[in-house]
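# Structural description and commentary
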Amino acid sequence: MEFVTTEKRGNVLLVTMNRPEVYNAMHAPMHNEMHQVWEDFAADPDLWVAVLTGAGDKAFSAGNDLKYTAQGGKGTPPPTGFAGLSMRYDMEKPIIAAVNGFAMGGGFETALSCDIILSADTAKFALPEVKVGLFAAASGVQRLSRQIGRKPAVEIMLTGRHVQAAEGKELGFVNEVVPAADLMEVAMAKAQEIASVSPSSVKATKRVLNMMDDMENLKVSLLYSRHVMNELRLTEDFSEGVNAFVEKRAPQWKNR
């Protein structure tokens, strides 16, 4: 691929947005490449967790490539939305955003579309679309207000101001802030931590999480959890986890 690089590290896929000359801003060809990356990741039984970051030390992603758009750049974004993630509702494998620099607009929305956000202490976030006549339409309005609450999210969205990494952690959309030099090591360690547990259980957990916005009624959501648990009981990983516990040994997960 031209605008994205990938690297398999055991059961972990490292994905790097690779347009550092424009701060990893995204245009239609890049969106489509990322769509294919996530399609392949979802379909690969040997990949259980992904880490997403940006090339260079300045930017995770500057978001939408407005210069490309202004110059009449062509291409149709994929149905899965910005970065192939913002409108992808069925991903059952976790994605960790390792935010190595500024995440602006669609770059911030891409991070919010991931399951965990780990941030360099030098990173900053913003939804500055209102400053250029747009708004955070690639899930920023919905995701930020759900992840930190309506009032603080509205203030960030309506002012377009920058949020430093430390404040992001205080607000709750950043899981952990680490020194920039340690970011990728911490991100890969977190990915390995997740990859050490049952991948079938992780997928079941994400399946329920993915459906929660469509199931506001607690009773309905709990009934769905029971359904997913019944499916989980049929997997080899379920039997392996129980047997390994009884036999006092480390489980050998199969992702099936």
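In case you missed it, the structure is sitting above this.
Described below are features of the structure shown in this document. Counting starts from 1 at the beginning of each chain's written sequence and moves along it residue by residue. Residues qualify for local features only when their pLDDT is at least 70, as the model is predicted, and side-chain atom pairs are given and counted only at 80 or more; totals for whole chains, interfaces and linings, by contrast, use all residues. Processing note: side-chain calculations cover all non-hydrogen atoms of the structure and skip hydrogens and water entirely.

### Description of empty space enclosed by the protein
Using protein atoms alone on a 1 Å grid, points that fit a 1.4 Å probe yet trap it form a cavity, whereas open point sets bounded by protein on both sides within 12 Å along at least five of seven lines form a pocket; residues with an atom within 4 Å of a point count as lining. Grid points are joined across faces, edges and corners, and a volume is the space filled by probe spheres set on the points. In this structure the tally under the stated criterion is one cavity of 30 Å³ or more. Counted as a void, the largest cavity has a volume near 70 Å³. For the lining of the largest cavity, the elements supplying multiple residues, two or more each, are α7 (183–195) and α8 (199–211). Secondary structure is summarised from DSSP: a helix means a run of H or I of at least four residues, a strand means a run of E of at least two, and numbering begins at the N terminus for each. With three residues, α8 is the largest single contributor of residues to the lining of the largest cavity. Residue composition of the lining of the largest cavity, by class: nine nonpolar, one polar and three charged. Residue-level mapping places the lining of the largest cavity at the junction of two domains, with at least three residues from each of domain 1 (4–195) and domain 2 (199–247). Each residue is assigned to one class: nonpolar for Ala, Val, Leu, Ile, Met, Phe, Trp, Tyr, Cys and Pro, charged for Asp, Glu, Lys and Arg, and polar for all the others, Gly among them. Marked domain ranges trace back to an automatic or database domain assignment.

### Points about the nonpolar core
Buried Ala, Val, Leu, Ile, Met, Phe, Trp, Tyr and Cys residues form a nonpolar core when they are joined through side-chain atoms within 4.5 Å. Summary of the burial criterion: residues with accessible area below 20% of their type's maximum are buried, those above 50% are exposed, and those between are partly exposed, where the area comes from a 1.4 Å probe applied to protein chains only. Among the nonpolar cores identified, the biggest contains 42 residues, and W38, L52, L144 and F173 are the most heavily contacted of them. Contributions of two or more residues to this core are made by β2 (12–17), α1 (28–43), β3 (49–54), β5 (95–99), α3 (106–112), α4 (140–148) and α5 (150–159). With five residues, α1 is the single largest residue contributor to this core. If you look at the next biggest cluster of nonpolar residues, it comprises 19 residues, including V49, V51, I96 and A98.

### Points about the pairing of β3
Taken residue by residue, a regular strand's side chains alternate between the two faces of the sheet. Counting buried residues along β3, six of its six residues qualify, which places the element largely inside the surrounding structure. Where burial is concerned, the two faces of β3 agree: the one with V49, V51 and T53 and the one with A50, L52 and G54 are both buried. For β2 and β3, the ladder comprises six bridges, and the chain directions are parallel. When the bridges of β3 are listed, L14 appears paired with V51. Throughout, right-handed denotes a crossover for which the path from the first strand over the helix to the second runs clockwise when the strands point away from the viewer. Once you follow β2 into α1 and on to β3, the crossover reads as right-handed. Strands were regarded as paired on the criterion that DSSP finds at least two bridges between them.

### Examining the sheet that holds β2
The mixed open sheet is built from six strands, whose spatial order is β1-β2-β3-β5-β7-β10. For this open sheet the edge positions go to β1 (4–9) and β10 (176–178), each flanked by a neighbour on one side alone. Averaged over all adjacent pairs, the angle separating strand axes in this sheet is 20°, with direction ignored. The contact definition used throughout considers only heavy atoms, calling two residues in contact when any of these lie within 4.5 Å. Note on geometry: axes are C-alpha line fits, over the in-contact stretch for helices, and angles between N-to-C directions span 0 to 180 degrees. The strands that α1 touches are β1, β2, β3 and β5; relative to β2, the one it contacts most, it runs at about 180°.

### What to know about the side chain of R88
Summarising the element assignment, R88 is placed in the loop between α2 (66–70) and β5. Any pair of nitrogen or oxygen atoms within 3.5 Å is treated as a polar contact; in protein, a donor-acceptor pairing is required on top of that, and neighbouring residues in sequence qualify only through side-chain atoms on both sides. Among the polar contacts made by the side chain of R88, one reaches the side chain of E39 at a distance of 2.7 Å. If we ignore the near neighbours within four places in the chain, the residues touching R88 are H35, W38, E39 and T80.

### Brief notes about the pairing of β1
Summarising the sheet, β1 and β2 pair through six bridges and their orientation is antiparallel. Across the sheet, the residue bridging to K8 is L13, located in β2. Where β1 folds back on β2, the antiparallel hairpin that results is connected by two residues, among which G10 adopts a positive phi of roughly 65°.

It is worth stressing that arrangement in space is one thing and function is another; only the former is reported here.
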